[in-house]
Amino acid sequence: MQEQSGIESLSAFIKMQIFGKPFKVHVVDDNSRIFIDRLSNMNNHYREIRISYNLMLTTLRENFNEKKAMAALYKIEKMTIELVKLNREIVALAKDFDERWLRKSP
C-alpha cells in the first residue's frame, strides 16, 4: 500500500495511517498519459494554424486582386470546414475515452 500511495518515506506513510488522514492511490496508465499529451500537442498545432491563417489572409488582401483572393479564400474555407469536422470527431473520441477509462469509480 505504501508503494501505491506514492509516498516515498515509510515513516510518513505510517504516520498518515495512524492519524487517519485519507490518502489516495492514483494509478496512471501510460496509454492515457500519451493520449492526453497528444491532445495537448494538438492544441499547439491549432494555435499555429490560426496564426498562419491570419498571416495568409493579410497576405491575400495586400498582394492579390479580389478574384484571386476570393478563390484562395474559398479553398481555405473548405479546408477549415474539414478541420472543424475532424476536431469534432477528436472531441467525441476524447469524451468516449474519458468515460471508458479515466472516470472509473472505485
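Quick look at the structure, then. As the structure is a prediction and not an experimental result, all values here were calculated from the model.

Turning our attention to the layout of surface pockets. Here the second largest pocket defines a volume of roughly 270 Å³. Around the second largest pocket, the lining residues are Y46, I49, R50, S52, Y53, M56, I76, M79, T80 and L83. Elements with a contribution of two residues or more to the lining of the second largest pocket: α3 (30-63) and α4 (66-102). Of the residues belonging to the lining of the second largest pocket, the class tally is seven nonpolar, two polar and one charged.

Checked against the element boundaries, M1 lands in the segment before α1 (2-5). Counting along the chain gives 12 residues from M1 to F13, while the straight-line C-alpha distance between them is 9.0 Å.

Rules used throughout
- Residues numbered from 1 in each chain as written.
- Predicted model: local features only at pLDDT ≥ 70, side-chain atom pairs only at ≥ 80, totals over all residues.
- Heavy atoms only, no water.
- 1 Å grid on protein atoms, 1.4 Å probe; cavity = no way out; pocket = protein on both sides within 12 Å on 5 of 7 lines; lining within 4 Å.
- Points joined across faces, edges and corners; volume = space filled by probe spheres on them.
- Helix = DSSP H or I, 4+ residues; strand = E, 2+ residues; numbered from the N terminus.
- Nonpolar A, V, L, I, M, F, W, Y, C, P; charged D, E, K, R; others polar.

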